[in-house]
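Topology and contacts: notes
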Amino acid sequence: MATIVVLGAPRSGTSLLCALMEKTRQLGAPDEFFKHNLQKYPEIADPNDILLRLKFVAARATGGVCSFKLFPSQLRYAVDRVDLWRFFPNPIFVRVSRDDLLGQAISLVRAKQTNEWSSRRSGQGREATYSFTQIEDEMKFILATNNEWDIYFARSQVTPMRVRYEEIVENRERVLSAIADRANVTLKFIPSLEESGLERQRDDLSDEWRWRYVADAKVARPQSWIPRKLPRLANLASILR
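Considerations on the overall build of the chain
Within the chain one finds 10 helices and 4 strands. The linear arrangement of helices and strands in the chain, starting from the amino end, is β-α-α-β-α-α-β-α-α-β-α-α-α-α. Burial statistics for the chain: of 241 residues in total, 44% are counted as buried. Intrachain contacts of the chain at a sequence separation of at least 6 include 72% that bridge at least 24 residues. Carbon and sulfur atoms make up 49% of the accessible area of the chain, which amounts to about 14,100 Å² in all.

Dropping the structure here:
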């Protein structure tokens, strides 16, 4: 049985890809099965029963393929309790990223504030309120999450398949077919974006926040990752050695 693991940072497009994969009925039914607090699946919610979760993932296989989704914290949760890759040997890693870092951060801020993580369910949090600081913090968090995956794959000496959110939206057929090829599967059906069951959550408010952030950034103090002074040319050679 082939295993496909979809991974990335929050709001990178992993949910859209997982929904499309499930709709093919040949690429498993990927979801976040290794969250510590797993409310979506109460039958396997016990954080101490990792074996039950492993069996649950395998039971959801379709077309000879099982699949699941991971963020770094979920990978840590799983490997702290079990040899994950002994149960799912030679996984196909599909790493999803998004070109628009600012848009991703805005989406993450809104999701955290409203608790509306998907168009499938209404949020139960507070009303979304613009915050320059929160957007900055979430951009740093997204970059740190991407860096965690960089380090993980460097240590593992594994090269994941890379997929951009923009590619999923523009050419889902090519993306899904490429994933299926890795799993030695010939897809019989390519779902439409509408058939994924998810709607795009970006709206006029997202665009308003973008322009407000850009305007505020022009007068904000330089952040910690921007050097206060450029190195002198005399020192540049030693820096580049």
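Structural notes on the pattern of salt bridges
Under the definition given, this model contains 11 salt bridges. Here Asp150 and Arg95 are joined by a salt bridge, their closest N and O atoms 2.8 Å apart. Of this pair, Asp150 sits in helix 6 (residues 132-156) while Arg95 sits in strand 3 (residues 92-97); the two residues are 55 residues apart in sequence, bridging distant segments of the chain. Across the salt bridge formed by Lys112 and Glu138, the nearest N and O atoms sit 3.0 Å from each other. Note that Lys112 is positioned in helix 5 (residues 101-114) and Glu138 in helix 6, a separation of 26 residues in sequence. With relative accessibility at 10%, the residue Glu138 sits in the buried group.

Quick notes on the rules
- Residues numbered from 1 in each chain as written.
- Predicted model: local features only at pLDDT ≥ 70, side-chain atom pairs only at ≥ 80, totals over all residues.
- Heavy atoms only, no water.
- Helix = DSSP H or I, 4+ residues; strand = E, 2+ residues; numbered from the N terminus.
- Buried < 20%, exposed > 50% of the residue type's maximum accessible area, 1.4 Å probe, protein only.
- Contact = heavy atoms within 4.5 Å.
- Areas by Shrake-Rupley, 256 points an atom, 1.4 Å probe, with all protein chains shown as cover.
- Salt bridge = Lys/Arg side-chain N within 4 Å of Asp/Glu carboxyl O.

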